Each structure stands twice: as C-alpha cells, then as structure tokens.
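Results of the structural survey
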Amino acid sequence: MAIAEQNTIPLAAPTFSDNNIVEVKGVSKFYEPDIQALLDINLGFPKGQMTTLLGPSGCGKTTLLKIIAGLLEPTEGDVFVNGQLVTGPGPERAFVFQDFALMPWATVLRNVSFGLELRGMAKDERYEIARRYITNVGLEGFGEKYPHELSGGMRQRVGLARAMAVDADVLMMDEPFSAVDEQTRRQFQEDLLNLLSIEKKTVLFVTHSIEEAVYVSDQIVLLSPRPGRINKTVRPDIDHAASSDEIRRGKNYLDSVEEIWHELKGYLE
Amino acid sequence: MSSPSASVATPIASPSFRISQITIWRVLSLILLFGAWEIAGRVPISIAFPTFFETMSSLGTMIIDGRMAKAYAKTLEPLVIGIGLSTAFGIIFGVLMGLSRKFQWIGEPIFIVMQAAPMAALIPLVTFLYGIGVAAKVVAVVILAAPIIVLNCFRAVRNASPSLIQMCQSFQGSQIQVIRKVIIPDAAPMMFSGLRLGVAAGFIGVILAELLITPNGVGDLITYHRSVAEYADMYAAIFSIVFFAAVTVGLLEKAEVTIFRPEKKGAA
Ligand SMILES: Nc1ncnc2c1ncn2[C@@H]1O[C@H](COP(=O)(O)OP(=O)(O)OP(=O)(O)O)[C@@H](O)[C@H]1O
Ligand SMILES: [Mg+2]
C-alpha cells in the first residue's frame, strides 16, 4: 500500500533528537470530513524504550499506530523513522496485531517465518531463524501445529515471534494482550520484558489497562477522547530489576497509576 | 521465556479411531438408504420401480457389455470441456471481480441474473445456435456451471480477511504476494464450495442436454430404457450418474484440503 505523495512539512525543519527513533510531527487524521480521529500529534519515541499509548476507546490509538506503521495515510503531518519520512510499511518496523492475524492454513513455523518468506529468503534459512524465535517465545515443539490448535495466549506468542523474526528495530503492538486471560497476560508481560531486555527493541504499545501500561512502560502517552490529542506524558521510572511483586507495591508504580487514573477520570465528565 | 501456561487440547480419541468411527456411520447411512430402496422395490410402490439388487445387477451387466463405457464417453467429453471452461473463466473473472470494483460492476448484474434465471429452460434454445453436437452440450454445461463458480469466487475474494491482508502489507508484501499468499488461500474454501456446486450444476446441464437436445450418452441411456420399459437398466444409468457426480465432488474436496487448507486434514 503506497502512501500518496506527502505534503511538504512546514519549514520549521524538524529537530531530531538522536534519542528518538520515531518522530511524529503534526499528525492529524480525518476518516471522513466530519470524523477527526487525531488532532496535531507531536511525539517522539526514544530508542530502545517502551512507549505506551493510553486513552479512552475510540481516541485514535490504533489509528496513530497504523499511521506510524505506514498502513494508513495521515491527513496532515509526517512520521519519520530513523530520520526517514514514512511512505509505507518498512523493514525497520514490525506489527503485532490485536487479533493475531495468523494464517489458519499455515503452520506455526510458516506463520513465524512469513515476513522472511515475503522477502524471498530461502526456506532452510528462514525456518532456522523462525525456529529460534519460536523457542524464544516459549513455543518450542509447536512449530508444526496450526493456529486453531493453540490457545489465545499461544497464538499471540506466534504473532510476537513473527514480528521478532524480521529483526525490526521498532515493534508495534496494538493491545496484544486484550484477548487473553489475566493470568496469561501477566505471564506474557514478564516474558515480553525479559525478551526486550535481550533484544533491545523500541516498542510502541497500546493498551487499555493502566496497570499494564505502568508495569511495562518507560513512557506513557495519555491521549484525550476523539479527536485524540496528547494530554500528558508520564514516566513511571520503574526499576525492572526488582521482582514483580515489589514493583507492584512500590511507590513509583502506585503513584503513576494514581496520576494516570486521575487524568483519565477527567474525561468521564 | 517460560513455556505457555495453556496446553494444547488433545483429542479424546486418536485420529485413526475417529476416522474409522466416521466410516462406520457413513456405511450405516448408505445401508439404510439402499435398504429402504430394496424394500420399496419389493412392495412394490410401482411396477416401474425396481429393487436395489435388480438395479445393481443391471449396472453390472451394463458395465460388462460396454454400454456404460460407450455412454460415458459421449457424456464426459462435453462435461469435462464445459467444466474446464467454466472453472478457468469462473476463477479468473471471479477473482478480478473480487479485486476490482469495475469488473464487479460489469459482471455482477449479468451473473446474478444468470444464476437466478431458470437457465435449464434455455437449453432447448441452445440448439438454434449450436446445433446438436458436442458444442451444444458444452454450452449447456457452461451456462449452468459458470455463474455459480464466478459468483462464489467473487464473494470469496471480496470477503478475504482484511486483517490478514493488512498483516501481509505490514511485512512489505507486494500486491502480487498479497493475492497469491493471502487472498487466494483465504478464499479457497468458498471458491471450492462454488466449484463443487458448479460441477454439480454441470452434471445437470449435460444430462438435460442429452434428454432435451442430443439423444446420446447417459441421458439417452435413461430415456431409451424408459421407453422400452427396462426399468432396472434405467435406474442403473441414473444410479451411475449420481454416484459419479458424488465421487467427483468428493475428490474436489480432497483436492482443496491437499492444496490449500492442510489444517483441515482429518477434520472431515
Ligand atoms: N475506517 C474508519 N472509518 C471511519 N471512522 C473510523 C475508521 N476507523 C476508525 N474510525 C473512527 O476513528 C476513531 C479512532 O479509532 P481508533 O480505532 O484509532 O481508536 P482506538 O483508540 O484504537 O480505539 P479502541 O481503544 O477502541 O481500540 C474512532 O472514533 C473510530 O470510530
Ligand atoms: Mg484500537
């Protein structure tokens, strides 16, 4: 899907902090003349960190993520990845879908290696890489299974392995845990953090859960109800070396949850 | 990462056990059907209705003396050509209609009318245009089979999962890759069910043509034996064509599973 020619940016030349791998500059999105999903979003995503988009339903989180992924075209504004203008999907970005988006006719192995298959990589090579990531996400021995033979949590692990296998710098995850139960969800959060501490990715994460956002994120961006605007950025500053129980009882964690809840409560009026 | 908390549900019965179970029930269903036929023939509900065993023995005789082979040679040629043409045309045009609005706008009204209209009623008219040769039979097969195949392919492609398409695009799949690796396999089950219905309609087309236009082949076998009151032979011919159609449609299902949807293997 090619994005049509972009408007040139208003000549206030964007200043890239070396730190930000993804820069969103003045992005607005209209679906129809009277449906504005996003309003003038300016946002930087620091390299190697996990940034979470949090906001009420329908505020444009998915829209923003898909614009960054190059799957949707912004009505106004630009997105830069590594300083390059985004005009469509690129190899440095990989998406993890809320509904998993696994091909039911393909085995786990083929699903995980699909991104590499599209790049024309030879079968042996891509299967070898895929097997490594299948093991990394805890699905060893499930390579020959089909998606319908897996539980919801396992399917999302396949989606995660597929995104990791193409070795993109930026992982985009749209409510990846919303379809799994709470227990699986917590396990998954731990696993994701462990995996990221090894792989050093930048993660753009969308969730509805304040606790989840605070637990996993370096930076949380609060969006207002439609049209989505950036209302506040919170940095929970959590030490992930601590155990999960210590974190959830720690002051930083509780303060951040409180702060965000206070902010979101304001939208209810 | 630790291993996932949920484990795969293991089927209660092993697959081979399940399959043999299924076979038993299927055989039972056939025994019931043929048993009812045998009883109805013995009552008899009509002197023109032979028993199952009489019909089978006629079938045996007709196979041995070559009447069946001769009739099928006549029937199969237009059937195979007609189905082949309908399939090729149906898939190409159906997929184009699914992918492009312009093709949809051109094609949809025509094929919907063709599918809704009692096309069988047009078969006698085919004679005016194509005479009484193989061509006429081929046309009869095509006008019955093609609309069904086209419309099913079209709907299958149009309903291909947007989420899978977007997934493929997000990994930089080209337009061709999106069609080949996502849309076609995703549409395959519905395309094949269209194909099965189309083939079944094709059988109707060729038999109608033989009954109404060109007196030869299996259709003629039926008419001829009825006219000389050899009812066992007539029913043997009918049985053979029903059996043949069922087997063909079953083979199509096998082909679908083998080529496109391996995950359905054993699901029966
Ligand atoms: N294709 C579309 N056409 C018209 N309006 C749309 C379309 N997609 C989304 N919208 C609207 O744009 C707004 C933002 O949608 P989006 O899916 O980005 O919200 P979201 O924050 O991801 O919501 P949720 O938390 O429910 O997933 C919503 O109000 C939605 O109704
Ligand atoms: Mg969303």
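Bringing the pattern of salt bridges into the picture now. Within this structure, the stated rule accounts for 19 salt bridges over all chains. Measuring nitrogen to oxygen at the nearest pair gives 3.3 Å for the salt bridge that ties Lys232(A) to Glu259(A). You can see Lys232(A) sitting in strand β10 (residues 230-234) and its partner Glu259(A) sitting in helix α9 (residues 251-268), a full 27 residues away along the chain. On the basis of relative accessibility, which here comes to 33%, the residue Glu259(A) falls in the partly exposed class. Between Asp255(A) and Lys251(A) there is a salt bridge whose closest N-O contact spans 2.6 Å. Here Lys251(A) and Asp255(A) lie together in helix α9, a separation of four residues that amounts to about one turn. Connected via shared salt-bridge partners are Arg110(A), Glu117(A), Arg126(A) and Lys181(B).

Okay, the interface of chain B and chain A next. If you look at the interface, chain B gives 26 residues, while chain A gives 43 residues. Counting each side, the surface lost to burial between chain B and chain A is near 2900 Å², with a carbon and sulfur contribution of 64%. Run the count over chain B and chain A and you get one salt bridge. With a closest N to O distance of 2.7 Å, Glu117(A) and Lys181(B) form a salt bridge. One can count six residue pairs in polar contact (both at pLDDT 80 or more) joining chain B with chain A. The set of elements that each furnish at least two residues to the side of chain B that touches chain A consists of α7 (162-170) and α8 (175-212) of chain B. The element best represented in the side of chain B that touches chain A is α7(B), accounting for seven residues.

Another aspect to go through is the nonpolar core. Formed by 137 residues in total, the largest nonpolar core has its most connected members in Val22(A), Val24(A), Ile68(A), Leu160(A) and Ile260(A). For this core, the leading source of residues is α8(B), giving 14 residues. Within the second largest apolar cluster, 12 residues are counted, among which are Val139(B), Ile143(B), Leu144(B) and Ile213(B).

It is worth spelling out the confidence of the model for chain B at this point. Residue and element names in this part refer to chain B. In the predicted model, chain B carries a mean pLDDT of 86, and the fraction of residues at 70 or more is 93%. Within chain B, the element-level pLDDT minimum falls on helix α5 (residues 123-130), averaging 79, and the maximum on α7, averaging 95. Note that residues 1-12 has pLDDT below 50 and, in this model, 25 contacts with residues that lie over four places away or in other chains. On the interface metric, ipTM, the complex scores 0.86, and its pTM is 0.81.

Let us now look at the site of ligand 1. Residue and element names in this part refer to chain A. As a structural note, the neighbourhood of ligand 1 is formed by 13 residues, with Ser57, Gly58, Lys61, Thr62 and Thr63 the closest of them. With respect to ligand 1, the backbone of glycine 60 contributes an N or O atom lying 2.9 Å from an oxygen atom. Measuring from an oxygen atom of ligand 1, one finds a side-chain N or O atom of histidine 208 at 2.9 Å. Isolated, ligand 1 exposes 640 Å² of accessible area, and the fraction of that covered by the protein chains is 66%. Every element with two or more residues in the shell around ligand 1 is listed here: β2 (35-46) and α1 (61-69). Looking at side-chain class alone, the shell around ligand 1 contains four nonpolar, six polar and three charged residues.

Across a sheet, paired strands are connected by hydrogen bonds in the backbone, their directions being either parallel or antiparallel. All names here are of chain A. Ordered by their spatial adjacency, four strands build an open sheet running β2-β1-β4-β5, and the pairing between neighbours is antiparallel. Of all strands in the sheet, those with a lone pairing partner are β2 and β5 (84-85), marking the two edges. Where strand β4 (residues 76-81) meets β5, two bridges bridge the pair, whose relative direction is antiparallel. Each residue of the ladder has a partner; that of phenylalanine 80, found in β5, is leucine 85.

Our focus in this paragraph is the pairing of β2(A). Residue and element names in this part refer to chain A. Pairing of strand β1 (residues 20-32) with β2 involves eight bridges; the strand directions are antiparallel. Across the sheet, residue glutamate 32 finds its bridge partner in β2, namely isoleucine 35. Between β1 and β2, which pair antiparallel in sequence order, lie two residues.

Looking now at the environment of Asp191(A). Residue and element names in this part refer to chain A. Structurally, aspartate 191 can be placed in helix α6 (residues 182-199). By relative accessible area, which is 3% here, aspartate 191 ends up buried. Remark: the alpha-carbon pair of aspartate 191 and valine 137, spanning 54 residues in sequence, is separated by 7.7 Å.

All names here are of chain A. The sheet built from six strands is open, its strands ordered β6-β7-β8-β3-β9-β10 with mixed pairing. Edge strands, defined here as strands with exactly one partner in the open sheet, are β6 (93-96) and β10. On average, each strand axis in the sheet is tilted by 20° relative to the strand beside it, whichever way the strands run. Here four bridges tie strand β3 (residues 50-54) to strand β9 (residues 219-223), and the two strands are oriented parallel to one another. Bridged to threonine 52 within β9 is isoleucine 220. Packed on one face of the sheet, helix α5 (residues 152-165) meets β6 and β7 (170-174) and runs near 175° to β6.

What counts, and where the lines are drawn
- Residues numbered from 1 in each chain as written.
- Chains lettered and ligands numbered in written order.
- Predicted model: local features only at pLDDT ≥ 70, side-chain atom pairs only at ≥ 80, totals over all residues.
- Heavy atoms only, no water.
- Salt bridge = Lys/Arg side-chain N within 4 Å of Asp/Glu carboxyl O.
- Helix = DSSP H or I, 4+ residues; strand = E, 2+ residues; numbered from the N terminus.
- Buried < 20%, exposed > 50% of the residue type's maximum accessible area, 1.4 Å probe, protein only.
- Contact = heavy atoms within 4.5 Å.
- Buried area = accessible area lost by both parts, 1.4 Å probe.
- Polar contact = N/O pair within 3.5 Å; in protein donor to acceptor, adjacent residues only side chain to side chain.
- Core = buried A, V, L, I, M, F, W, Y, C linked by side-chain atoms within 4.5 Å.
- pLDDT = per-residue confidence, 0-100.
- Near = heavy atom within 4 Å.
- Areas by Shrake-Rupley, 256 points an atom, 1.4 Å probe, with all protein chains shown as cover.
- Nonpolar A, V, L, I, M, F, W, Y, C, P; charged D, E, K, R; others polar.
- Pairing = 2+ DSSP bridges.
- Axes fitted to C-alpha atoms, helices over the stretch in contact; angles between N-to-C directions.

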